[in-house]
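Examination of the molecular architecture
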Amino acid sequence: MRRNIVHSGADALIYEIRQIVALAKQIEAMGVSITWENIGDPIQKGESVPTWMKDIVSGLVAQNKSWAYTATQGDETTRKFLASKVNERGGAQITSDDILFFNGLGDAVAKIFGFMRREARILGPSPAYSTLSSAEAAHSGYEHLTYELNPDNDWMPDLEDIENKVKYNDSIAGILLINPDNPTGAVYPKEVMREIVKICEKYDIILICDETYAHVNYSEWGSIHLSEVIGDKVCGFALRSISKEFPWPGARCGWLEVFNRKNDPTFERYIKSLLDAKMLEVCSTTLPQLSIPLVYSHPEFLNHLKFRNQKFKKKAEKATKILTGIPGVKVIQPKGAFYLTVLFEDGALKPHMTLPISNTKVRDFVAPLMDKAALDRRFVLHLLASAGICVVPLSSFCCNRNGFRVTLLEEDETKFEWIYETLAENIRKYLAS
């Protein structure tokens with residue numbers, strides 16, 4: 001072509017959580033039964049949506065209004081309801097005008113970075129959730145800027161690392177948190193979040209918090225929302241969703257809760273640009289928006305959340321117990337979300353290590369993929385080809401540590417135990433090879 005039409009950040013658009021599926025499907029076609037542990041979809045792993053929730057959605061489908069457009073920002077009744085829920089927490093106060101709906105948080109993230117000035121960088125965690133890190137890297141055309149999550153401190157953010165990077169890189173316009181965290185399952189207490197707010201105030205930058213798993217939280221201190229700690233000076237927003245909480249991942253329904261937007265004219269203009277972009281699409285999907293006040297205010301909703309959190313806590317305890325004590329491996333018990341990160345200690349993985357692959361077609365297929373693969377990806381490929389378990393390498397989460405992420409979602413208890421016992425067995429075999 002006479003003009004190059006490829007965006008400078010195109011190579012940063014990598015989502016290994018989904019991309020590994022294509023590879024696993026090819027291996028499956030060669031005769032290997034695959035256990036899918038790559039993506040956080042509770043429904044695919046056997047969770048049943050409560051009948052009362054289905055009844056709410058069924059009732060809405062029968063109403064003509066659920067087939068129509070909503071307002072550009074989202075359904076006004078739903079936005080007022082959500083704003084009141086934020087204000088009940090007693091922290092930053094907002095109105096319905098501070099709520100903006102998107103077709104899932106993937107859509108929101110694309111807009112957040114797509115309409116941010118290219119020179120403005122957002123500092124995010126490492127390990128990082130791929131949608132966020134890839135979008136930030138793609139918008140800038142450079143590698144995603146990260147701060148360390150410390151596995152020796154329950155995967156807490158390294159506050160000194162954050163402040164040094166903000167202090168000495170004036171291109172950083174904001175800090176990103178994921179709380180509870182994906183992929184580590186860490187949950188940040190109020191004190192840690194307040195320290196990050198102080199950094200944002202000191203250097204006049206924004207604070208963004210991905211709260212996708214805000215109510216999938218089984219820590220001792222419970223859910224801490226950004227609105228509770230951000231105060232009245234720092235500008236920022238929380239990313240919220242029903243995908244993991246109802247759970248309804250197929251609804252593609254997420255929203256922003258914007259805080260202190262009037263404090264800075266630049267931030268106010270930026271938020272307006274997101275709304276302007278949404279106007280070009282008219283609105284986000286109506287049906288799931290209409291369900292939110294009805295589901296959140298249903299008498300069974302809090303029990304629903306409590307039951308799920310107790311379930312995931314037990315799964316986290318069981319999985320951690322099975323994997324703890326393997327030489328060369330470190331596992332920090334998750335406190336939120338539904339993932340567990342297995343970390344290989346420095347130097348534990350070697351390029352010569354293997355697992356037996358009995359299927360010759362599969363062995364020949366994966367052999368050339370090993371040549372330039374990161375050490376943890378080599379293990380993931382061996383695990384997939386040998387045991388048929390599909391996990392995601394930690395190096396795919398914008399991280400220079402070796403490990404992998406696995407889910408806590410399998411509803412069949414016998415299979416859940418089989419998954420983790422098989423992981424433990426294969427880790428031992430691989431490290432001993």
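Below, the structure is looked at part by part. Being a predicted model, the structure only gives us computed values, none of them experimental.

**What to know about the overall build of the chain**
A tally of helices and strands in the chain yields 14 helices and 14 strands. The C-alpha atoms of the chain give 22 Å as radius of gyration, which agrees with the globular expectation for 433 residues (22 Å, within 12%). The principal-axis extent of the C-alpha atoms belonging to the chain is close to 60 × 55 × 55 Å. In the chain, which comprises 433 residues, the proportion classed as buried is 58%.

**Let's talk about the sheet that holds strand β9 (residues 254-259)**
Across the sheet, which stays open at both edges, the eight strands sit in the order β2-β9-β8-β7-β6-β3-β4-β5 with mixed pairing between neighbours. Only two strands of the sheet have a single neighbouring strand rather than two, namely β2 (99-102) and β5 (156-157). In the sheet, strand β3 (residues 121-126) pairs with strand β6 (residues 172-178) via three bridges, with the strands oriented parallel. Within β6, the residue paired with R121 across the bridge is I172.

**Re the environment of I206**
Inspection of the secondary structure assignment puts I206 in strand β7 (residues 206-210). Not counting the four nearest positions on each side in its chain, I206 is found in contact with I122, A173, G174, I175, C200, C235 and F267.

**Notes on unusual backbone geometry**
Here S126 and P127 are connected by a cis peptide whose omega angle stands at 5 degrees. Its place among the elements puts P127 in the loop between β3 and α5 (130-140). Unusually for a residue other than glycine, D204 sits at a positive phi of about 55 degrees. Its place among the elements puts D204 in the loop between α7 (190-203) and β7. Looking at D204, the relative accessible area reads 64%, which means it is exposed. For N260, which is not glycine, the phi dihedral falls at a positive 60 degrees. The residue N260 is located in the loop between β9 and α9 (265-281) in this model.

**Thoughts on the pattern of salt bridges**
Two side chains carrying opposite charge are able to pair once their charged atoms lie near each other. This structure, assessed with the given rule, holds 30 salt bridges. For the salt bridge of E148 with R401, the shortest nitrogen-to-oxygen distance reads 3.3 Å. Pair noted here: E148 is in strand β4 (residues 146-150) and R401 is in the loop between β13 (392-393) and β14 (403-407), with a separation of 253 residues, a long-range link. For E148, a relative accessible area of 21% puts it in the partly exposed group. A salt bridge links D161 to K165; the nearest nitrogen and oxygen atoms lie 3.2 Å apart. Separated by four residues within a single helix, D161 and K165 lie in helix α6 (residues 159-168), roughly one turn from each other. D161 sits in the buried class, given a relative accessible area of 15%. Here K165 falls in the partly exposed class, since its relative accessible area comes to 30%. Bridged by salt links that share partners, the residues E47, R308, K311 and E411 form one connected network.

**A look at the side chain of N260**
On the accessibility criterion, N260 (17% relative accessible area) is buried. At 2.6 Å, the side chain of N260 and the backbone oxygen of V234 are in polar contact.

The rules behind each value
Here, residues in each chain are numbered from 1, in the same order as that chain's written sequence. Note on the predicted model: pLDDT of at least 70 is required for a residue's local features to be given, and 80 or more for side-chain atom pairs to be given and counted; whole-chain, interface and lining totals, by contrast, use all residues. Excluding hydrogens and water, the side-chain values take into account all heavy atoms of the structure. Strands are runs of DSSP state E lasting at least two residues, helices are runs of H or I lasting at least four, and both sets are numbered from the N terminus onward. Between the two quantities, the radius of gyration covers C-alpha atoms and the globule rule is 2.2 Å times the number of residues to the power 0.38. Burial classification: accessible surface area is computed with a 1.4 Å probe over protein chains only, and a residue below 20% of its type maximum counts as buried, one above 50% as exposed, and the rest as partly exposed. When DSSP finds two or more bridges between two strands, those strands count as paired. The contact definition used throughout considers only heavy atoms, calling two residues in contact when any of these lie within 4.5 Å. Note on definitions: salt bridges are taken to be side-chain nitrogens of Lys or Arg within 4 Å of carboxyl oxygens of Asp or Glu. Any pair of N or O atoms that falls within 3.5 Å is considered a polar contact. Within protein, one atom must be able to donate a hydrogen and the other to accept it, and sequence-neighbouring residues count only if both atoms are side-chain atoms.

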